[in-house]
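As a plain string of letters, each chain reads:
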Amino acid sequence: KIFLIGKSGFKFKTKLPLNRQALKMKFPQNQKKSALKQLYLTRNNAKTTELFVRIDSLSWLRKIYLDSVDGLILNLSQKELEAINLNEKFFRNNMKKIYIELPLFISEDNISFYEDKCYEFSRHGIKNFVLSHLSQSLFFKNMKKINLITNEHVYVLNDASARFLLQENIKEYIYPLETDIDNLFNSNNKSGII
């Protein structure tokens, strides 16, 4: 069997008559410059190199030398989140370096669990949270001095999306795993986490 997938110069007939004239609009140059200028992000306090470690089990805690990392991302199951004892010396001494990562999917039945857990963690001094979906920022609407970052599931593929996150009070983000090296180098904002 042979299938036609394309033919140069061949146009399929449309079902709707096109009697209207095409609009030709030119974006004014000064507005274009202004819009592009807003996409540039500057972070004066950004370090050149930081090391973040992500673990998926509490059993990894005894194997990590926390003085050598800038952030420890805890990507834990619901059961292990419940098992965290925030009064342990390890957690009390390292609150500023610990990031609690929320799962990519939270069922409707578990929303209140994660909301309550985030509130409990923030009340005990953990102020860093990693979002897997932008809607998860609603968990923190009534909390103060919270540091939110997004993981690779929140796609930041260009300067406009990076700017949007900043406007939503997301302080940092992890680049998507699919981002290629050209995209990283061509971006004006280079402050994401790889």
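Refer to the structure presented above.
What you see is a predicted model; the values in this text were computed from it and never measured.

Colleague: Could you clarify how one ought to interpret the environment of Tyr99 in this entry?
Modeller: With respect to the helices, strands and loops of the structure, Tyr99 is situated in strand S3 (residues 98-101). For Tyr99 and Ile73, which are 26 residues apart along the polypeptide, the C-alpha to C-alpha distance reads 4.6 Å. Once you skip the residues sitting within four places of it in the chain, Tyr99 turns out to touch Phe52, Gly71, Leu72, Ile73, Leu74, Asn128, Phe129, Val130, Asn147 and Ile149.

Colleague: Explain helix H5 (residues 159-167) here, please?
Modeller: Residues lying three or four places apart along an α-helix face the same way, a consequence of the helix completing one turn every 3.6 residues. Along H5, the residues classified as buried are Asp159, Ser161, Ala162 and Leu165. Taken around the axis of H5, the buried residues stretch over an arc of 165°, which confines them to a single face. Asn169 sits one or two residues past H5 and shows a positive phi near 65°.

Colleague: Which parts of the structure should I look at to understand the sheet that holds strand S6 (residues 170-173)?
Modeller: In sheet architecture, strand pairing relies on hydrogen bonds along the backbone and comes in two forms, parallel and antiparallel. Strand order in the open sheet made by the six strands is S1-S2-S3-S4-S5-S6, with parallel pairing throughout. Of all strands in the sheet, those with a lone pairing partner are strand S1 (52-55) and S6, marking the two edges. Strand-to-strand twist of the sheet, defined as the mean angle between neighbouring strand axes without regard to direction, takes the value 30°. As defined by bridge partners, strand S2 (residues 71-74) adjoins S3 across three bridges and the pair is classed as parallel. Considered in S3, the bridge of Ile73 is made with Tyr99.

Colleague: Can you help me understand the pattern of salt bridges in this one?
Modeller: In a structure, side chains of opposite charge can pair up when their charged atoms sit close to one another. Counted by the stated rule, this structure contains three salt bridges. Ionic pairing is found between Glu152 and Arg54, a salt bridge with its closest N-O pair at 3.0 Å. Here Glu152, found in the loop between strand S5 (147-150) and H5, pairs with Arg54, found in strand S1; they are 98 residues apart in sequence, far enough to count as distant. The class for Glu152 is buried, based on a relative accessible area of 11%. The exposure class of Arg54 is partly exposed, given its relative accessible area of 37%. Between Glu120 and Lys117 there is a salt bridge, and its shortest N-O distance comes to 3.3 Å. Of this pair, Glu120 and Lys117 both sit in helix H4 (residues 111-123), three residues apart, which is roughly one turn of the helix. You can call Lys117 buried: its relative accessible area is 10%. Through salt bridges with shared partners, one network takes in Arg54, Glu101 and Glu152.

Colleague: Teacher, can you tell me more about H4 here?
Modeller: For H4, spanning 13 residues, the distance from its first C-alpha to its last is 18 Å, which sits close to the expected 18 Å at 1.5 Å a residue. For H4, the full list of buried residues reads Phe113, Tyr114, Lys117, Cys118, Phe121 and Ser122. Summarising the axial view, the buried residues of H4 lie within an arc of 160°, below the 170-degree limit, and thus occupy one face. Opposite the buried face of H4, at more than 90 degrees from it, the exposed residues are Asp116 and Arg123. At the exit of H4 stands Gly125, carrying a positive phi of roughly 115°.

Colleague: Even after reading the chapter, I still don't get the packing of aromatic side chains, so can you show me in this structure?
Modeller: In this structure the tally under the stated criterion is six aromatic pairs. Judged by centre distance (5.6 Å) and plane angle (70°), the ring pair of Phe52 and Tyr99 falls under edge-to-face. Taken together, the residues span a long stretch of sequence, with Phe52 in strand S1 and Tyr99 in strand S3 at a distance of 47 residues. Owing to a relative accessible area of 9%, Tyr99 belongs among the buried residues under this scheme. Measuring from ring centre to ring centre gives 5.0 Å for Phe113 and Tyr114, while their planes differ by 85°; the resulting arrangement is edge-to-face. In this structure, Phe113 and Tyr114 share a single accessibility class: buried.

The rules behind these values
Residues numbered from 1 in each chain as written. Predicted model: local features only at pLDDT ≥ 70, side-chain atom pairs only at ≥ 80, totals over all residues. Heavy atoms only, no water. Helix = DSSP H or I, 4+ residues; strand = E, 2+ residues; numbered from the N terminus. Contact = heavy atoms within 4.5 Å. Buried < 20%, exposed > 50% of the residue type's maximum accessible area, 1.4 Å probe, protein only. Arc of directions from axis to C-beta. Pairing = 2+ DSSP bridges. Axes fitted to C-alpha atoms, helices over the stretch in contact; angles between N-to-C directions. Salt bridge = Lys/Arg side-chain N within 4 Å of Asp/Glu carboxyl O. Expected span 1.5 Å × (residues − 1). Phe/Tyr/Trp six-rings, centres within 6.5 Å; stacked < 30°, edge-to-face > 60°.

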